[in-house]
Amino acid sequence: MTRTTGHCDTLAAGAAKPKGLGASCTGAAKAPVKKNVKVASATMTELQEVQITEEKPLLPGQTPEMAKEAELAARILLDRGQTHSVETPYGAVTFTVYGTPKPKRPAILTYHDVGLNYKSCFQPLFQSGDMQEIIQNFVRVHVDAPGMEEGAPVYPVGYQYPSLDQLADTIPCILQYLNFSTIIGVGVGAGAYILSRYALNHQDTVEGLVLINIDPNAKGWMDWAAHKLTGLTSSIPEMILGHLFSQEELSGNSELIQKYRNIITHAPNLENIELYWNSYNNRRDLNFERGGDITLKCPVMLVVGDQAPHEEAVVECNSKLDPTQTSFLKMADSGGQPQLTQPGKLTEAFKYFLQGMGYMASSCMTRLSRSRTASLTSAASIDGSRSRARTLSQSSESGTLPSGPPGHTMEVSC
Ligand code: BEZ
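Notes on the structure in this doc start here. (Residues numbered from 1 in each chain as written. Predicted model: local features only at pLDDT ≥ 70, side-chain atom pairs only at ≥ 80, totals over all residues. Heavy atoms only, no water.)

**Observations regarding the overall build of the protein chain**
This is how the line gets drawn: Secondary structure follows DSSP: runs of H or I at least 4 residues long count as helices, runs of E at least 2 residues long count as strands, and numbering of each begins at the N terminus. Summary of the burial criterion: residues with accessible area below 20% of their type's maximum are buried, those above 50% are exposed, and those between are partly exposed, where the area comes from a 1.4 Å probe applied to protein chains only. For the accessible areas, the method is Shrake-Rupley and the probe is 1.4 Å, while residue cover comes only from the protein chains on display.
Check the secondary structure of the protein chain and you find 16 helices and 12 strands. Residues classed as buried in the protein chain amount to 54% of the 414 residues present. Summing over all exposed atoms, the protein chain offers an accessible surface of approximately 18,200 Å²; the carbon and sulfur share of this is 52%.

Written out as structure tokens, the structure reads:
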């Protein structure tokens, strides 16, 4: 994995400023700026594209399906990502870029939740089989919240960790560094909040948002009282696990829960995780208002598991966003982290979301479309009245864009 570092302003000076990206990287420094800043030694144009020839002869005994699987495995193995670090007014931010920029296409930019980093949050989704066919058409930028990147040193006691709003203000630095002008954001929990805040401030640069487990509200005094009470009997890792997973999942103690409990409990940067956790709990209200000025203008796909800790918050969020721009995906049996437990279903919904935005014509989606036709059903919800079972996976072999506009509730049962 290659690593480069850069400074927001230095790099912005050398690169043409992308349309719509303001000079948000010049705010007053609130956090100690680390020394040893090098100017980036690599730009996106130097990234190596992973070339895999489509017309490879089959090996003896190999079926086309086996060849396809081998190709996907090779693609995943070869594309290890390039990790960059950019200095921002709120400290260094690390992000990892997979794939090459595609002309006239937004980058997919992800932001993870508390207790996780980009890999523990998104790897199962982005490395799932069907996702490969989608993401090969997009460059991906996976942001690690400061101090969450692998090998991050623990911040000194008293370090002023950025608020979620300030973390949102670091995103223009990343996009300037990469010279990217627009994104499709995919965020979970705190990451979903950060991307929403970024979208409110930079709406011209956000083409779409996938928001998993978003809670746009600041904690009220009742939430604070409950939080304080829980804090008396639970450790920080247990509180974070309670934010990520449902009580049912935690008491079931599946392999997945054991894995994530182990990751969080033994995290060498647990102090940093606690700082991100505090910023999440101190978030301001996003103040979404249906029909008001403060709203997301781009297509949004809200996602939540039907037993997830944040189900109510996401339902309420759905009621505040523009119904013509918002799709709501409530996933059955997926627990708190659908991107970990149901990557296939989420990939399929993501495909329709992208198609609805005019990307991913079905001619590019042959395998996905054919293999999963009719596996998703939805109940369209218009002003509260529901018409049952509208099939979303109408694959079109003619190459037209099959998806309807947003504004649906999809209840995916698995
Ligand atoms: C990606 O291909 O975007 C990816 C690969 C590994 C981990 C996370 C994302």
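**Re the pattern of salt bridges**
Convention followed: Any carboxyl oxygen of Asp or Glu that lies within 4 Å of a side-chain nitrogen of Lys or Arg is treated as forming a salt bridge with it.
A complete count under the given rule lists 7 salt bridges for this structure. Across the pair R284 and D165 runs a salt bridge whose closest N-O atoms are separated by 2.7 Å. Residue R284 is found in the loop between helix 12 (270-281) and strand 8 (300-305), and its partner D165 is found in helix 5 (residues 164-169); the two are separated by 119 residues along the sequence. The salt bridge involving R283 is made with D215; its shortest N-O contact spans 3.1 Å. Placement of the pair is R283 in the loop between helix 12 and strand 8 and D215 in the loop between strand 7 (206-212) and helix 8 (221-233), with a sequence separation of 68 residues. With respect to class, R283 is no different from D215; both count as buried. A single salt-bridge network, built from bridges that share partners, covers D165, R197 and R284.

**Structural notes on the layout of surface pockets**
Short version of the rule: A pocket, in this scheme, is an open set of points on a 1 Å grid over the protein atoms alone with protein on both sides within 12 Å along at least 5 of 7 lines, while a cavity is a set where a 1.4 Å probe fits but cannot get out; residues line either one if an atom lies within 4 Å of a point. Grid points are joined across faces, edges and corners, and a volume is the space filled by probe spheres set on the points. The residue classification treats Ala, Val, Leu, Ile, Met, Phe, Trp, Tyr, Cys and Pro as nonpolar and Asp, Glu, Lys and Arg as charged. All others, Gly included, are polar.
Roughly 600 Å³ of internal volume is contained in the largest pocket. As for the largest pocket, its lining consists of 22 residues, of which K219, D223, G242, P309 and H310 are closest to the centre. Of the residues that constitute the lining of the largest pocket, the class distribution is 8 nonpolar, 8 polar and 6 charged.

**Some thoughts on unusual backbone geometry**
Even without being glycine, N179 reaches a positive phi, approximately 60°. Mapped onto the secondary structure, N179 falls in the loop between helix 6 (171-178) and strand 6 (183-188). A positive phi is found at N213, a non-glycine position, where the angle reads about 60°.

**Focus: the environment of Q136**
Its location among the elements puts Q136 in the loop between helix 4 (131-135) and strand 5 (140-144). Distance from Q136 to K102, taken between C-alpha atoms, is 9.4 Å for residues 34 residues apart in sequence.

**A short note on the pairing of strand 3 (residues 91-98)**
It is a general feature of regular strands that their side chains alternate between the two faces of the sheet. Applicable threshold: A pair of strands is considered paired only if DSSP assigns at least 2 bridges between the two.
When you tally the buried positions in strand 3, you get 8 out of 8 residues, the bulk of the element. Sheet topology places strand 2 (residues 82-88) next to strand 3; 7 bridges connect them, and they run antiparallel. Directly across from H84, in strand 3, lies its bridge partner F95. Taking the residues that link successive antiparallel strands as the turn, the strand 2-strand 3 hairpin has 2 residues. Of the pairings in the sheet, the one linking strand 3 to strand 5 comprises 5 bridges and is antiparallel in character. Looking across to strand 5, one finds that F95 is bridged to V143.

**A short note on the packing of helix 6 against helix 7 (residues 190-201)**
Relative orientation and spacing of two packed helices are given, respectively, by the angle between their axes and the distance between those axes. For clarity, the cut-off: Structural elements are reduced to axes, namely lines fitted to C-alpha atoms, with helices fitted over the stretch in contact, and the angle between N-to-C directions of any two is expressed from 0 to 180 degrees. Here roughly perpendicular refers to angles of 65 to 115 degrees, roughly parallel to angles under 35, roughly antiparallel to angles over 145, and oblique to all remaining angles. Any two residues having at least one pair of non-hydrogen atoms within 4.5 Å are treated as being in contact.
Where helix 6 contacts helix 7, the two axes come as close as 11 Å, and the packing angle between them is 75°. Here helix 6 is positioned roughly perpendicular relative to helix 7, judged by the angle of their axes. When helix 6 is examined against helix 7, the residues I171, P172 and L175 are found in contact with a partner set consisting of I194, L195 and Y198. Each residue belonging to the contact of helix 6 with helix 7 can be placed in one class, and the counts come to 6 nonpolar, no polar and no charged.

**Some points on the packing of aromatic side chains**
Inclusion rule: Stacked, tilted and edge-to-face are the three classes assigned to paired rings of Phe, Tyr and Trp, where Trp is represented by its six-membered ring and a pair needs centres within 6.5 Å; plane angles under 30 degrees give stacked, over 60 edge-to-face, the rest tilted. Criterion for a charge above a ring: Arg CZ or Lys NZ at most 6 Å from the ring centre, at most 35 degrees from the ring normal.
Taken as a whole, this structure holds 9 aromatic pairs when the rule is applied. Seen in terms of ring centroids, Y161 and Y276 are 6.3 Å apart; in terms of plane orientation they differ by 50°. Their pairing is tilted. With Y161 in the loop between strand 5 and helix 5 and Y276 in helix 12, this residue pair connects regions lying 115 residues apart in the sequence. Of the two residues, Y161 and Y276, both sit in the buried class. Ring pairs connect the aromatic residues Y155, Y159, Y161 and Y276, which therefore count as one cluster. When the ring centre of F138 is taken as reference, the NZ or CZ atom of R105 above it lies at 5.1 Å. The ring of Y280 carries R283 above its face, with NZ or CZ at 4.2 Å from the centroid.

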